[in-house]
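Spelled out from the first residue to the last, the chains are:
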Amino acid sequence: MKALWLENNQLDLREVPEPARSGEALIRIRVAGICSTDLELVKGYYPFTGIPGHEFVGEVVAAEEQRWIGQRVVGDINITCGSCEQCLNGRPTHCENRTALGISKRDGTFAEFTTLPLSNLHLVPASVPDEMAVFTEPLAAALEIQQQVHVQPTDRVLVVGAGRLGQLIAQTLALTGCDLYVVARHVYQQKILVERGIKIITEEYIHPWRWDIVVEATGSPGGFSLARQAIRPRGTLVMKSTYKGEMSVNFSSIVVDEVNIVGSRCGPFEPALRLMERGQVDPSVLIAAEFRLGEALSAFERAAQPGVLKVLVTP
Ligand SMILES: [Zn+2]
Ligand SMILES: [Zn+2]
């Protein structure tokens, strides 16, 4: 099959054998999305050799359980052992033996086919088109914030960053009824938010030490510093991005202000699918471009341009 291959910070298209893993479903990829993690893999922030890609919607073409065949599915990206201490205590996304689709020790979805255990799969409701379903994974990651933090209607909430993930975080936090503001750098990022009735704010109007919850979604030291200044004493700072290399932080001020810091990663798929089915969120407004798999190198170039939101790849 045709696949995008990453090796030594270099992407190329090549023919590879169709994947086969006993006990797993064979899935034909319908659409895959490029996420910031994929771009970071290419830059070599994490070691990975193989087929990248973890955001997808596909169709099951072979499985041990007949009822899955022909179904349109999305899939949890963490493949877990089910028997380690983390798994046994209800923390499967922290499985000590996990592999991650297109990120760690397992080929991903910029290819014609991929495989996943049936227990990772979720059926996509018929009313949710591929161009939405492909956002299930990042939308689930956005929802993880509400799994972790009690957002009260009276809370003043600031999201710093309106990129791929920041937009989805804003759409989902808006549903809580909190007093939400988003820092968006690019004009079209602002436009998407404003069209959905989400308020934007610029740096000079962010009153420091006044925000109950601040979500850092830029992955940049500047974004972190802005988020840190905004949070009120005993407020909650949600870290939704990874940072390349080391970052210097004044932890004394965090101790003095008794700030709660919450690291946040993968989230629940079923609520993400439900919100799209009900039309309560619409991630498809993020789509900047769609490319064929044969043009995947151009797709990655496009996705790496500053401020570009979601680029999709179809086999
Ligand atoms: Zn991702
Ligand atoms: Zn485990």
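Look a little higher up for the structure.
The sections below set out a description of the structure shown in this document. (Residues numbered from 1 in each chain as written. Chains lettered and ligands numbered in written order. Predicted model: local features only at pLDDT ≥ 70, side-chain atom pairs only at ≥ 80, totals over all residues. Heavy atoms only, no water.)

Re helix α1 (residues 36–43)
Turning to α1, its buried residues number three or more, namely Asp 38, Leu 39, Glu 40, Leu 41 and Val 42. Residues of α1 that are buried make contact with β1 (2–7), β2 (10–15), β3 (24–34), α5 (164–174) and α10 (296–304). (Buried < 20%, exposed > 50% of the residue type's maximum accessible area, 1.4 Å probe, protein only. Helix = DSSP H or I, 4+ residues; strand = E, 2+ residues; numbered from the N terminus. Contact = heavy atoms within 4.5 Å.)

Examining the coordination of the zinc ion (ligand 2)
Within the protein, Cys 81 (SG), Cys 84 (SG), Cys 87 (SG) and Cys 95 (SG) serve as the donor atoms for the zinc ion (ligand 2), at 2.3 to 2.4 Å. Each of the 4 donor atoms around the zinc ion (ligand 2) contributes to a set of angles spanning 103 to 121°, which defines the coordination as tetrahedral. When the donors of the zinc ion (ligand 2) are listed by position in the chain, the intervening gaps give C-x2-C-x2-C-x7-C. The same class applies to Cys 87 as to Cys 95, namely buried. (Donors = N, O, S within 2.8 Å, 3.2 Å for Na, K, Ca; no water. Tetrahedral: all angles 85-135°; square planar, octahedral: opposite > 155°, others 65-115°.)

A word on the packing of aromatic side chains
Overall, the coordinates contain 2 aromatic pairs when judged by the stated rule. When the centroid spacing of 5.4 Å and the interplanar angle of 80° are considered together, the rings of Phe 110 and Phe 300 count as edge-to-face. Residue Phe 110 is located in the loop between β7 (99–100) and β8 (113–117), and its partner Phe 300 is located in helix α10; the two are separated by 190 residues in the primary sequence. Residue classification places Phe 110 among the buried residues on the basis of a relative accessible area of 1%. Assessed through its relative accessible area of 5%, Phe 300 is described here as buried. Ring centres 5.7 Å apart and planes at 80° place the aromatic pair Tyr 181 and Trp 211 in the edge-to-face group. A residue pair is termed long-range when its members are at least 10 positions apart, and Tyr 181 in strand β11 (residues 179–183) and Trp 211 in strand β13 (residues 211–216) qualify at 30 residues. (Phe/Tyr/Trp six-rings, centres within 6.5 Å; stacked < 30°, edge-to-face > 60°.)

Things to note about the coordination of the zinc ion (ligand 1)
Distances from the zinc ion (ligand 1) to its protein donors, namely Cys 35 (SG), His 54 (NE2) and Glu 55 (OE), fall within the range 2.1 to 2.7 Å. Look at where the donors of the zinc ion (ligand 1) fall in the sequence and you get C-x18-H-E. Here Cys 35, found in the loop between β3 and α1, pairs with Glu 55, found in strand β4 (residues 55–62); they are 20 residues apart in sequence, far enough to count as distant.

Concerning unusual backbone geometry
In the Ramachandran plot, Asn 9 falls in the positive-phi region, its phi being about 60° despite a non-glycine side chain. For Asn 9, the location among the structural elements is in the loop between β1 and β2. The exposure class assigned to Asn 9 is partly exposed, which follows from its relative accessible area of 45%. In this structure, Arg 234 is a non-glycine residue whose phi angle is positive, near 65°. Within the secondary structure, Arg 234 sits in strand β14 (residues 231–239). Of the residues examined, Arg 234 reaches a relative accessible area of 57% and is grouped as exposed.

Some words on the environment of Thr 314
Looking at the secondary structure, you find Thr 314 in strand β17 (residues 310–314). Thr 314 sits in the buried class, given a relative accessible area of 16%. Between the C-alpha atoms of Thr 314 and Ala 32, which are 282 residues apart in sequence, the distance is 6.3 Å. Apart from the residues lying within four places of it in its own chain, the contact partners of Thr 314 are Arg 30, Val 31, Phe 291, Arg 292 and Leu 293.

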